[in-house]
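The chain contents come next:
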Amino acid sequence: MPKPLTDQDKRKQISVRGLAGVENVSDLKTNFNRHLHFTLVKDRNVATKRDYYFALANTVRDHLVGRWIRTQQHYYEKDPKRVYYLSLEFYMGRTLQNTMVNLALENACDEATYQVRDGSALGHSWTLTSFSGLFKLMKLYNHDNRQVEEADDWLRYGNPWEKARPEYMRPVHFYGRVEHTPEGVKWVDTQVVLALPYDTPVPGYRNNVVNTMRLWSAKAPCDFNLKDFNVGGYIQAVLDRNLAENISRVLYPNDNFFEGKELRLKQEYFVVAATLQDIVRRFKSSKFGSTEVVRVDLSTLPDKVAIQLNDTHPAMAIPELMRILLDTEHQKWEKAWDICTRTCAYTNHTVLPEALERWPTDLLQNLLPRHLEIIYEINRRHLERIAKLYPGDHDRLRRMSLVEEGDQKKINMAHLCIVGSHAVNGVARIHSDILKATLFKDFYEVDPHKFQNKTNGITPRRWLVMCNPGLAEVIAERIGEDYIRDLDQLKKLLAFVDDDSLIHDIAKVKQENKLKFSAYLEEHYKVKINPNSMFDVQVKRIHEYKRQLLNCLHIITLYNRIQKEPNKNWTPRTIMIGGKAAPGYHTAKLIIRLITAIGEIVNHDTVVGDRLKVIFLENYKVTLAEKIIPASDLSEQISTAGTEASGTGNMKFMLNGALTIGTMDGANVEMAEEAGEENLFIFGMRVDDVDAMDKSGYDAMDYYNRIPELKQAMDQIAGGFFSPDQHDLFKDIVNMLLHHDRFKVFADYEAYIKCQEKVSALYKNPKEWTKMVIHNIAGCGKFSSDRTISQYAREIWGMEPSLERIPAPDDPLNWLEQHE
């Protein structure tokens with residue numbers, strides 16, 4: 001009997017044509033051993049799996065470096081317009097396997113590691129989670145049905161993918177005061193923190209292009225005051241140093257306390273100040289290999305630089321760029337403002353009012369006094385323009401002001417981003433329409449040309465080829481491999497929607513993925529589940545608007561129905577919910593406790609047995625997503641219509657062969673258009689229905705009193721059925737749902753339950769279920785990040801995406817010697 005194919009074997013079946021300079025197995029083995037011995041100073045007698053991982057990572061990185069350097073040389077030679085995407089965090093996922101896939105090295109690495117270990121293939125179990133971001137992450141785990149945060153020291157053993165660049169360290173200033181002199185404006189008496197850049201290579205898919213993600217780490221200046229040492233001030237000097245470096249030591253905290261707010265603002269400004277200095281330095285620097293050509297005039301900055309602000313977190317880039325142009329480059333205001341607005345663009349990611357940043361002016365006055373002056377001047381000129389357009393409309397001036405008056409004066413950072421940018425976009429069509437119709441309506445009426453939509457996308461390399469190689473191979477057998485670069489080609493699968501062999505192969509891959517994930521759950525969660533049950537999955541941030549509580553009510557209803565009719569032919573379900581709550585978000589943390597409490601009752605009920613299981617997936621992250629998404633049958637996307645900006649998890653599930661149960665919210669709307677609404681399980685209120693209910697009033701008690709199953713579920717939660725040791729444990733959730741639920745869970749309850757009944761019925765017909773799956777996969781082409789980035793490039797950044805392949809050196813060192 002032939003040996004079953006592993007995931008690595010399946011990825012090998014996908015061709016690696018078209019890439020020059022792939023190292024052979026012998027070279028990889030040599031370099032692997034070289035790094036184990038000379039980089040890690042270990043031999044096989046003492047080396048650990050971590051050591052083997054680092055040896056392999058460094059070996060693969062060697063192959064990356066030549067392309068990385070060549071890409072930067074290419075940019076200097078061609079002097080193209082560059083895009084700087086400013087974000088406070090990046091969810092990168094694992095780096096090693098993604099790099100091997102993109103460089104087409106996986107086959108050779110698999111074989112080399114197999115040979116190095118004398119036939120005992122370690123595969124990719126060596127791969128460590130390589131989360132990358134500005135701040136240290138929080139690892140979350142479940143203790144006594146609670147989320148508990150603990151520091152995740154992910155850099156303890158180093159990071160083989162990042163390269164420190166101390167030569168580009170930049171000073172970042174805080175506090176101080178502003179002096180206005182005849183010679184100009186000076187920001188003086190500041191406290192300085194140094195920003196140390198760390199570069200991580202980001203390889204393109206088999207095109208030899210390697211771009212750079214630059215992360216900044218805070219370092220204290222080294223100028224210790226020796227006089228203080230002599231008088232016993234050493235301890236205070238060390239404490240001050242630690243205080244400065246706290247900026248990048250922890251993820252930004254809750255906003256409940258003043259200190260937390262100040263730290264978060266420091267972090268946001270730290271990133272943009274360091275980045276903008278870096279942008280100006282690069283803009284002014286000479287081209288590679290030519291005589292020194294220094295640009296002294298920043299007037300052409302928008303022709304060579306595009307800055308994309310990812311939500312309002314990097315909004316201080318606008319006043320910081322103005323500060324540089326005015327105070328350092330001595331530009332006139334009108335010229336500086338023109339440069340700034342043509343350079344910056346803003347992406348909005350939320351319509352929830354509480355998520356839009358508003359910084360107190362007294363905090364800004366203390367921390368960034370010069371920037372507050374600039375913001376006030378931006379606002380003055382902005383309101384002058386609005387007053388001319390709408391004479392006497394004082395309410396409009398109030399609504400559109402960057403400065404919000406009240407008990408505490410605040411700066412509306414979204415308004416700052418809109419005024420200071422040439423383009424504003426949402427991340428799904430319905431989201432962009434809502435921004436224009438409600439949240440930013442006044443701004444849209446003044447500058448309709450600024451507003452665009454850029455529907456989010458996902459990369460098929462990580463979210464199909466890497467995490468679901470079996471499905472990737474099944475698709476490639478029917479339509480070839482070009483879809484990996486051009487996801488629209490998935491439409492070709494529609495010709496096979498009635499093909500019994502494709503239906504069989506896709507169902508077979510799904511079952512294999514479910515078996516693997518069932519084994520993973522048993523090993524890591526000590527939970528045994530039925531792999532033949534429907535895997536019903538909701539994994540995302542825990543938040544009221546995402547309505548994990550609606551899912552909970554369905555679970556309880558289903559549980560009660562099975563209890564009432566235990567002999568009925570129920571469709572078995574394993575319902576898995578995963579995600580993290582913000583550390584200070586009490587309700588979200590209580591929702592996690594409710595999910596786990598329901599699971600405790602349901603999973604130990606002998607009457608229910610394997611027909612219903614409830615699992616909370618703790619410490620949910622990219623690495624776990626890569627395991628659960630390929631195994632999922634049903635994807636829960638059930639936010640209140642008009643609250644989800646877009647979502648990308650919905651796209652990942654769709655691409656990996658899960659069917660969606662969801663509201664017409666975020667990207668679900670476009671998914672239904674692409675796959676056909678009949679191929680998704682759509683339920684509930686639309687945006688217009690929600691708006692109408694907001695006007696007429698939402699009465700949760702009416703639904704509670706009118707729907708017996710809903711009342712029963714709520715009474716069980718309120719009465720302590722799921723918390724026998726503390727009957728009132730969930731009183732806050734009950735009170736919120738009954739009396740002040742902004743997200744109208746009860747209003748969609750009946751429609752959701754009926755839709756879930758349709759799901760259960762269809763799941764009993766595997767052939768028809770799988771045909772719907774094929775329709776969904778075929779409709780995924782629009783949701784490639786390749787399409788998204790191309791639209792940003794053409795329609796916001798004013799540049800044409802390059803399809804040019806950069807020649808790769810056969811040997812990076814020899815190539816560099818020839819081109820020095």
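Residues numbered from 1 in each chain as written. Predicted model: local features only at pLDDT ≥ 70, side-chain atom pairs only at ≥ 80, totals over all residues. Heavy atoms only, no water.

1. Examining the overall build of the chain
Logical step 1: Within the chain one finds 33 helices and 22 strands.
Logical step 2: Across the 820 residues that make up the chain, the buried fraction comes to 56%.
Logical step 3: Partitioning the contacts of the chain with sequence separation of at least 6, the portion at a separation of at least 24 is 74%.
Logical step 4: Accessible surface for the chain amounts to roughly 35100 Å². Of this, 51% is attributable to carbon and sulfur atoms. (Helix = DSSP H or I, 4+ residues; strand = E, 2+ residues; numbered from the N terminus. Buried < 20%, exposed > 50% of the residue type's maximum accessible area, 1.4 Å probe, protein only. Contact = heavy atoms within 4.5 Å. Areas by Shrake-Rupley, 256 points an atom, 1.4 Å probe, with all protein chains shown as cover.)

2. So, the packing of aromatic side chains
Logical step 1: Within this structure, the stated rule accounts for 14 aromatic pairs.
Logical step 2: With centroids separated by 5.7 Å and ring planes inclined at 75 degrees, the aromatic side chains of Phe174 and Tyr269 adopt a geometry described as edge-to-face. A residue pair is termed long-range when its members are at least 10 positions apart, and Phe174 in strand E5 (residues 170-174) and Tyr269 in helix H8 (residues 258-284) qualify at 95 residues.
Logical step 3: Their ring planes at 40 degrees and their centres at 5.9 Å tell us that Tyr698 and Tyr703 sit as a pair that is tilted. For the pair formed by Tyr698 and Tyr703, the shared burial category is buried. (Phe/Tyr/Trp six-rings, centres within 6.5 Å; stacked < 30°, edge-to-face > 60°.)

3. Remarks on the environment of Lys767
Logical step 1: Inspection of the secondary structure puts Lys767 in helix H31 (residues 766-778).
Logical step 2: With a relative accessible area of 41%, Lys767 lands in the partly exposed category.
Logical step 3: Separated by 264 residues in sequence, Lys767 and Ile503 have C-alpha atoms that sit 6.8 Å apart.
Logical step 4: Ignoring sequence-local partners within four residues, the contact set of Lys767 consists of Asp500 and Ile503.

4. Remarks on the pattern of salt bridges
Logical step 1: Counted according to the given criterion, the structure contains 55 salt bridges.
Logical step 2: Residue Asp505 is joined to Arg478 by a salt bridge in which the shortest nitrogen-to-oxygen separation is 2.9 Å. One end of the pair, Asp505, is in helix H20 (residues 500-524); the other, Arg478, is in helix H19 (residues 469-479), with 27 residues separating them in the sequence.
Logical step 3: If you follow the salt bridges from partner to partner, you end up with Asp393, Asp395, Arg396, Arg398, Arg399, Lys441, Asp442 and Glu445 in one network. (Salt bridge = Lys/Arg side-chain N within 4 Å of Asp/Glu carboxyl O.)

5. Things to note about the nonpolar core
Logical step 1: In terms of nonpolar packing, the biggest core is built from 202 residues, with Phe174, Tyr483, Leu490, Leu617, Phe681, Met714 and Phe746 touching the most fellow members.
Logical step 2: No other element matches the ten residues that H8 contributes to this core.
Logical step 3: If you look at the next biggest cluster of nonpolar residues, it comprises 23 residues, including Ala47, Leu64, Leu105 and Ala112. (Core = buried A, V, L, I, M, F, W, Y, C linked by side-chain atoms within 4.5 Å.)

6. A few points about the packing of H19 against H20
Logical step 1: Close contact between H19 and H20 brings their axes to 9 Å; oriented N to C, the two are set at 165 degrees. Between H19 and H20, the crossing angle belongs to the class labelled roughly antiparallel. The two elements H19 and H20 meet at a crossing, and its hand is right-handed. Note on element contacts: H20 touches H19 through Ser501, Leu502, Asp505, Ile506 and Val509, opposite Gly470, Leu471, Val474, Glu477 and Arg478.
Logical step 2: The class makeup of the residues in the contact of H19 with H20 is five nonpolar, two polar and three charged. (Axes fitted to C-alpha atoms, helices over the stretch in contact; angles between N-to-C directions. Parallel < 35°, antiparallel > 145°, perpendicular 65-115°, else oblique. Left-handed = near helix turned anticlockwise from the far one by under 90°. Nonpolar A, V, L, I, M, F, W, Y, C, P; charged D, E, K, R; others polar.)

7. Some remarks on the UniProt feature "modified residue: N6-(pyridoxal phosphate)lysine" (unreviewed entry) in the chain
Logical step 1: Listed under "modified residue: N6-(pyridoxal phosphate)lysine" (unreviewed entry) in the UniProt record, and renumbered for this structure, are Lys652.
Logical step 2: Structurally, Lys652 can be placed in helix H24 (residues 649-655).
Logical step 3: With residues near it in sequence (within four places) discarded, Lys652 still touches Ile458, Trp463 and Ile629. (UniProt positions renumbered as here; feature names shortened; annotations may be inferred.)

8. Overview of the sheet that holds strand E19 (residues 612-617)
Logical step 1: Here six strands make up an open sheet; going across it, the order is E19-E18-E17-E20-E21-E22 and the pairing parallel. Of all the strands in the sheet, just E19 and strand E22 (681-682) have a single pairing partner and so form its edges.
Logical step 2: Relative to strand E20 (residues 634-637), strand E17 (residues 534-539) is paired through two bridges, and the arrangement is parallel. The residue of E20 that forms the bridge with Asp536 is Leu634. (Pairing = 2+ DSSP bridges.)

9. So, the sheet that holds strand E12 (residues 358-360)
Logical step 1: Overall, antiparallel pairing links the three strands, which are arranged E12-E14-E13 in an open sheet. The outermost strands of the open sheet, each flanked by one partner alone, are E12 and strand E13 (403-404).

10. Re the confidence of the model for the chain
Logical step 1: Averaged over all residues, the pLDDT of the chain equals 89, while 88% of them reach at least 70.
Logical step 2: Long-range and interchain partners of residues 255-260, a stretch whose pLDDT sits below 50, account for six contacts in this model, where long-range means more than four residues apart. (pLDDT = per-residue confidence, 0-100.)

11. Topic: a negative patch on the surface
Logical step 1: Judged by side-chain charge, Asp482, Asp486, Asp488 and Glu674 come together as a negatively charged surface patch.
Logical step 2: Mapped onto the elements, Asp482 comes out in the loop between H19 and H20. (Patch = residues over 30% accessible without salt bridge, like charges linked within 9 Å, V, L, I, M, F, W, Y side chains within 5 Å. Lys, Arg positive; Asp, Glu negative; His and termini not counted. Charge placed at Lys NZ, Arg CZ, Asp CG, Glu CD.)

12. Structural notes on the environment of Pro766
Logical step 1: Note that Pro766 resides in helix H31.
Logical step 2: According to the relative accessible area criterion, Pro766 is exposed, its value standing at 55%.
Logical step 3: As a C-alpha pair, Pro766 and Ala507 span 259 residues in sequence and 8.0 Å in three-dimensional space.

13. Section: unusual backbone geometry
For residues besides glycine, phi is generally negative; the peptide bonds are generally trans as well.
Logical step 1: Positive phi values are uncommon outside glycine, yet Asp79 reaches one of about 50 degrees.
Logical step 2: Among the structural elements, Asp79 can be located in the loop between helix H3 (49-78) and strand E1 (82-86).
Logical step 3: A positive phi is found at Ala104, a non-glycine position, where the angle reads about 60 degrees.
Logical step 4: Within the fold, Ala104 resides in the loop between helix H4 (96-102) and helix H5 (106-116).

14. Quick notes on the packing of helix H2 (residues 25-39) against H3
Relative orientation and spacing of two packed helices are given, respectively, by the angle between their axes and the distance between those axes.
Logical step 1: H3 packs onto H2 with a crossing angle of 125 degrees between their chain directions and a minimal axis gap of 8 Å. As summarised for this structure, H2 and H3 are arranged oblique, according to the angle between their axes. Read as a crossing pair, H2 and H3 show a hand that is right-handed. For the pair H2 and H3, the contacting residues are Leu28, Asn31, Phe32, Arg34, His35, Leu36 and Thr39 in the first and Asp51, Tyr52, Ala55, Leu56, Asn58, Thr59 and Asp62 in the second.

15. Looking at helix H29 (residues 731-739)
Logical step 1: Taken together, the buried positions of H29 are Ile733, Val734, Met736, Leu737 and Leu738.
Logical step 2: Packed against the buried residues of H29 are helix H21 (548-564), helix H22 (586-603), helix H27 (700-706) and helix H28 (708-719).

16. Things to note about the pairing of strand E10 (residues 305-310)
Logical step 1: A large share of E10 lies buried, amounting to six of its six residues.
Logical step 2: Sheet topology note: the E1/E10 ladder contains five bridges and is parallel. Across the sheet, residue Tyr84 finds its bridge partner in E10, namely Ile307.
Logical step 3: Across four bridges, E10 lies against strand E11 (residues 344-347) in parallel orientation.

17. Examining the environment of Thr455
Logical step 1: Residue placement: Thr455 occurs in the loop between strand E16 (451-453) and helix H18 (460-466).
Logical step 2: Taking C-alpha positions, Thr455 is 9.8 Å from Ile789, a pair spaced 334 residues apart along the chain.
Logical step 3: Contact partners of Thr455, with chain neighbours within four places excluded, come to Val427, Ala428, Arg429, Met651, Glu670, Phe783, Arg787 and Thr788.
Logical step 4: Side-chain polar atoms of Thr455 contact the side chain of Asn453, separated by 3.0 Å. (Polar contact = N/O pair within 3.5 Å; in protein donor to acceptor, adjacent residues only side chain to side chain.)

18. So, helix H30 (residues 749-763)
Logical step 1: For H30, with 15 residues, the first-to-last C-alpha span of 21 Å sits near the 21 Å given by 1.5 Å per residue.
Logical step 2: Considered for burial, the residues of H30 that qualify are Tyr749, Tyr752, Ile753, Cys755, Gln756, Val759, Ser760, Leu762 and Tyr763. (Expected span 1.5 Å × (residues − 1).)

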